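These are the residues of each chain, in order.
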Amino acid sequence: MKLMIVDDSLIIRNKINRTLLSRFSKVCRAENGQQAIDMATAERPNVVTMDLTMPEVDGVEAIEKIMAIAPETHILVISALADKATAIKALTLGAYGFLCKPFTERELSSAIERIIDIELCK
Amino acid sequence: MFSTLFGKYRFLVISIALFLIFDLGVLVLNFYTSGKIAEQTELINSAARQRTLTQQMSKATLYIKSQKLQLWVYQSGLDELRDHYRTFGAALQAFNQGGTIVSPSTGLPISISAVSDPEGVAILSRANSLWSEFETAIEPLMIDTLVSDDEIRPASSFIAANNLKMFALMDELTEFFKATSERQTNLLRAAQVIGITLATINFFIILFHFLGQLRVRDQEIQLKQHESDQILSTINEGVFLLDRNMVMSGQHSKQLEKIFLTRKVSGRKFERFLARYFPQKTVNTALDFAKLYFRDHIDTALIEDVNPLKRVEAVITKKGGETETKYLDFSFAILSQDDARQVVLVTVRDVSAKILLEAQDQLNADELEQQMALLTQILPIPRTDLAAFIDDSRSGLDRINLLLKDTKQASGSYEAMLIRIARETHKLKGNASVLNFEMIAQGHHLFENTIEEISRQAKHRTLNGRDFLPLTMQLKQNFASLNLIEGVRDKLGDYVDTSLNHVTRGTPDNRLELSTKKSLDELAEQNPKWFELLAYTQKLAAQKGIAARLNLRGLNTPLNSQLSSELYLIAVQLLHNSLAHGLESEEQRLELKKPSLGEISVSISHDKRGNYRFLFEDDGRGFDYERIRSELVDRKLLDSREAKALGNTALVRYAFKDAISTQQNVDQTAGRGVGLALVWQQVKALNAKLKIRSVSNEFTQFIIDFSYSPSETSSEILDPPSESVLLAS
Amino acid sequence: MSERRYIDVFVDGLISYFDHLNESFGSSRSVISSSEHAQRSTQSVDLELGTPYLLKNEATIGMDFTGMITVSGSSVGTVFVSAPRALLKRILLSYGEAELRDELLRDLVGEIANTLAGNARRELGADFHISIPRVIQAPLNTKDYRLDQHCYLLPFRWRSSKAELIISVKDS
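Residues numbered from 1 in each chain as written. Chains lettered and ligands numbered in written order. Predicted model: local features only at pLDDT ≥ 70, side-chain atom pairs only at ≥ 80, totals over all residues. Heavy atoms only, no water.

Side note on the overall build of chain C
Stage number 1. Scanning chain C for helices and strands turns up four helices and 10 strands.
Stage number 2. N-terminal to C-terminal, the α/β element order of chain C is α-α-β-β-β-β-β-α-α-β-β-β-β-β.
Stage number 3. Classification of the 172 residues of chain C by burial places 58% in the buried group.
Stage number 4. Partitioning the intrachain contacts of chain C with sequence separation of at least 6 by distance along the chain shows that 71% fall at a separation of at least 24.
Stage number 5. Surface exposure of chain C reaches about 7000 Å², of which carbon and sulfur atoms provide 47%. (Helix = DSSP H or I, 4+ residues; strand = E, 2+ residues; numbered from the N terminus. Buried < 20%, exposed > 50% of the residue type's maximum accessible area, 1.4 Å probe, protein only. Contact = heavy atoms within 4.5 Å. Areas by Shrake-Rupley, 256 points an atom, 1.4 Å probe, with all protein chains shown as cover.)

Quick word on the interface of chain A and chain B
How big an interface is tends to be stated in terms of accessible area lost as the parts join.
Stage number 1. Chain A puts 16 residues into the contact, and the matching count from chain B is 16 residues.
Stage number 2. The largest contributions to the chain A side of the interface with chain B come from Lys-84, Ile-88 and Tyr-96 of chain A, which together make up 39% of the buried area.
Stage number 3. Remark: the boundary between chain A and chain B carries one salt bridge.
Stage number 4. Here Arg-114 of chain A ties to Asp-299 of chain B by a salt bridge, and the two come within 2.5 Å at their closest N and O atoms.
Stage number 5. The interface formed by chain A and chain B includes seven residue pairs in polar contact (both at pLDDT 80 or more). (Buried area = accessible area lost by both parts, 1.4 Å probe. Salt bridge = Lys/Arg side-chain N within 4 Å of Asp/Glu carboxyl O. Polar contact = N/O pair within 3.5 Å; in protein donor to acceptor, adjacent residues only side chain to side chain.)

Notes on the environment of Ser-393 of chain B
Residues and elements named next belong to chain B.
Stage number 1. Its place among the elements puts Ser-393 in helix H11 (residues 383–406).
Stage number 2. The spacing of Ser-393 and Asn-478 is 85 residues in sequence and 9.4 Å in space, taken between C-alpha atoms.
Stage number 3. In this structure Ser-393 touches Leu-428 and Leu-482, once residues within four positions along its chain are discounted.

Comments concerning the sheet that holds strand E4 (residues 74–80) of chain A
All names here are of chain A.
Stage number 1. Ordered in space as E2-E1-E3-E4-E5, the five strands form an open sheet in which the pairing is parallel. Each edge of the sheet is formed by a strand with only one pairing partner; in this case those strands are strand E2 (26–30) and strand E5 (97–101). On average, adjacent strands in this sheet sit at an angle of 20° to one another, irrespective of strand direction.
Stage number 2. One ladder, built from four bridges, connects strand E1 (residues 2–6) with strand E3 (residues 47–50); its direction is parallel. Note that in E3 the partner of Met-4 across the bridge is Val-48.
Stage number 3. Here helix H1 (residues 10–20) sits on the sheet in contact with E1, E2, E3, E4 and E5, set at roughly 170° to E2. (Pairing = 2+ DSSP bridges. Axes fitted to C-alpha atoms, helices over the stretch in contact; angles between N-to-C directions.)

Some details on the packing of aromatic side chains
Stage number 1. With the rule as written, the count across this model stands at 28 aromatic pairs over all chains.
Stage number 2. With a centroid separation of 5.7 Å and 50° between ring planes, the pair formed by Tyr-6 of chain C and Phe-10 of chain C is classed as tilted. One end of the pair is Tyr-6 of chain C and the other is Phe-10 of chain C, both in helix H1 (residues 3–25) and four residues apart, which spans about a single turn.
Stage number 3. Residue Tyr-6 of chain C is classed as buried on the basis of its relative accessible area of 0%.
Stage number 4. Owing to a relative accessible area of 0%, Phe-10 of chain C belongs among the buried residues under this scheme.
Stage number 5. Here the aromatic cluster, defined as three or more aromatic residues joined through ring pairs, consists of Phe-240, Phe-260, Phe-270, Phe-273, Tyr-277, Phe-278 and Phe-330 of chain B. (Phe/Tyr/Trp six-rings, centres within 6.5 Å; stacked < 30°, edge-to-face > 60°.)

Quick notes on the confidence of the model for chain C
Residue and element names in this part refer to chain C.
Stage number 1. The share of residues in chain C with pLDDT of 70 or more is 81%, and the mean pLDDT across the chain is 77.
Stage number 2. No element of chain C has a lower mean pLDDT than helix H2 (residues 34–42), which averages 42, and none a higher one than strand E9 (residues 150–158), which averages 91.
Stage number 3. Here residues 25–44 is modelled with pLDDT under 50, and outside its nearest four sequence neighbours on either side it reaches 21 contacts, counting other chains as well.
Stage number 4. The complex model carries a pTM of 0.49, and its ipTM stands at 0.92. (pLDDT = per-residue confidence, 0-100.)

Some remarks on helix H3 (residues 85–95) of chain C
Residues and elements named next belong to chain C.
Stage number 1. Those residues of H3 not exposed but buried are Leu-87, Leu-88, Ile-91, Leu-92, Ser-94 and Tyr-95. Buried residues of H3, seen end-on, are gathered within an arc of 160° and therefore sit on one face of the element.
Stage number 2. The first or second residue beyond H3 is Gly-96, which carries a positive phi of 95°. (Arc of directions from axis to C-beta.)

So, the interface of chain B and chain C
Stage number 1. Tallying the contact residues gives 26 residues for chain B and 30 residues for chain C.
Stage number 2. Connecting chain B to chain C are four salt bridges.
Stage number 3. Put simply, Lys-476 of chain B and Glu-3 of chain C hold a salt bridge, and the shortest N to O gap is 2.6 Å.
Stage number 4. Between chain B and chain C we count eight residue pairs in polar contact (both at pLDDT 80 or more) in total.
Stage number 5. If you list the elements that add at least two residues to the side of chain B that touches chain C, you get helix H9 (352–363), H11, helix H12 (411–434) and helix H14 (469–492) of chain B.
Stage number 6. Ranked by residues supplied to the side of chain B that touches chain C, first place goes to H14 of chain B with eight residues.
Stage number 7. Classifying every residue of the side of chain B that touches chain C gives nine nonpolar, eight polar and nine charged. (Nonpolar A, V, L, I, M, F, W, Y, C, P; charged D, E, K, R; others polar.)

Here it is in structure tokens:
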């Protein structure tokens, strides 16, 4: 299974990578929404962790485009809880869950584990 | 297939099928038997006709005979005879072998089957043999129209002779057929009765079974309804269901009505409902959020964080148009109903009280009020004393903080630290009590409680740093109290000194009884801290419900300030000790024939060569050795045998060295047993000798002898001489 | 919000971080006996908590790297987790990182603070805003941060390296 990490912060990317590396056969990273869309088109990841506030193309727009390209993708929004309305919009557009920054490794693992279960049950 | 097709209705289907089978069975039987009965009726009728025919043949034969004799025309009689003969013969033939006969009642041809019953066959065989004789007799009459006498006479005589025989046989046959018919009718009745009975039983089984089931189901439904009604009416939270169309459906809890002060809940649009209490933006977000629960791609466990209805402020309009603000918590959970329809269970909690409580928690230290209370405590204290008190207290707290900071992480060092902290605290508390600083003393008291709590825990398990957190928190509180005092003092400025000192110096009458006003003034002038002890004694004694008076001697001249504070600490601890353990209540004293007023004396004297004696005595109950013994046993330091064997000297040593209190209740001034340990520490610091004299119910005396020269600082390095605890009497 | 609860939340966060560290990377600890487990529920195996004490305002604090979180809401607080290079390097080694650049040490102390913040957010509820951690790479003076007059310093030790958790809480 493939994972794509989308976040503009290196620390967060590293942390997510470190926490989830062992669960995926391939992990790719994107720093902004546009990169995420391009990479999703090329790599077709099964699971995506998506930040919402990013330069250029933001997370909500990226989610919308990725869902149009590959509707079967599971997107987990990982963002600081600045604006609940934006987060709800991201969920309405197709993200399956929301994890609030800052998060612990355990929270992240369990949020991803649920989706891996669903994928494996297919 | 059967079971899957009918499922839980299998019983019903089987029962109805049985019912139908029984009914059909009866019907078929009915058809069959009534056919049989109809046939039997024909047989009866036919047999009866045979009877008649026998007679008619006899009549016809007689007729022919008589007509012939008179030579009249007998043709009609002959035709009649022939007709009867043939009919009789055909019928008999049909009875014997089966065949078609003409129905006597309808005149139509009917087919009958041969009689097979042995009884019937027996009758028939007799009839047959008789009939064959009839045939022989009548046959000649059947040939032509002319009948000769030879033909008619034997026939006539034969018939006349056998007519009744044949009649009887046919009668017998008729009776046989009747009996058979009756049997069949009875059989049919029985079959009908059985069939209908079975069907009826079956019907009632169906009826009762399903009535029972219906009743159970009704009861279940009623129970459920009752339960949910009960739950919804007693539940402490607002609960309602939200369907896919965002309509608030079905039942809701009573509490919901109370929260929103409305009864209009069921069937309302969620959006409209919310709009009454929340701003539109919140409503929109909330609606979008609630819709997420009906989306398949969402993992509902992972969206709770974005719930916009957490601790939301709702403006609720009351009846009179007044508004009330409530803080509400909405939580959502998806439910699948029996019919696979999904609804969201929404729970609303009114968290206003909790939020208010938290707000109050933050305001619990209402500074203004505290400052006012402090003011009354600070005002009577001379400014210099206050400054010294604040400095002393602060450095004491600093020392405690340092002890916490420098502790190594090991259980042994934890215990040592706790003991040192306890001593520091006890000193601080003593100081605060003397100055009447309730608030500060209370703070130290709480601190000591915490120390004890931690020591208790240490007995059961290994401590770690976290266990000390309550202590550090109380320390912070004590620092804060001190800062508060300092703040109040700074605001007061010089006011304290100039205007209120004379109030402090006011001399209550009871003091005048003991000392002259002059000596009191001198005392107050020279050693103001000691002077305060007079009032402190009164206050403490009043708290304990005893009457006591403190006499101070040797303090009218200035005392070296360092020495003064060393001895002062001892005096305060011993004073606590006397008031807590030594002096009896007024009643007890009167019983012992002592003056009701307990006396405590402190005197300081010296030989001008630097040899000092500090004497403290009270006229109380004396040293309570038994209490110390039992305390030692209670605390498992010794067993009862060992404790009994201990002499008084050894007991006193325990009392001073180990924290043992002879007071059962702990309050701010006594009961922890730290006091005597502190005295012991001070004695060591002064390198002094301590003597204790005590007579039960008479007095206790502490004598401390030491050398002191102002230049010499007391050394804590030197161990006190081992004989420093002496005991007399 | 009581001060005690506030401090407990952060101490719990700290314990949970180091617990997790042992869990995911302590291969020698993969089998845990039940008694050991019971002990761990109160304190992490390798994490030792020292006695907390008070820090007066205008004290210079902090070790090589400090992660700072601010909490706002009905109480305002600042929480520092400060660690020396040695401790951070030990943690990185236990993660399996071979490189021990300062940049990664910064990342790490930020992450520890992040874990504490995450725990606090979950425990204290949405009513509190908890900042994304900031990393400070220098000694810091408490007076620069508008802290409470006395803040709490909770020393701790992980595999014999000392570090500090500093907590200041004030009502807003």
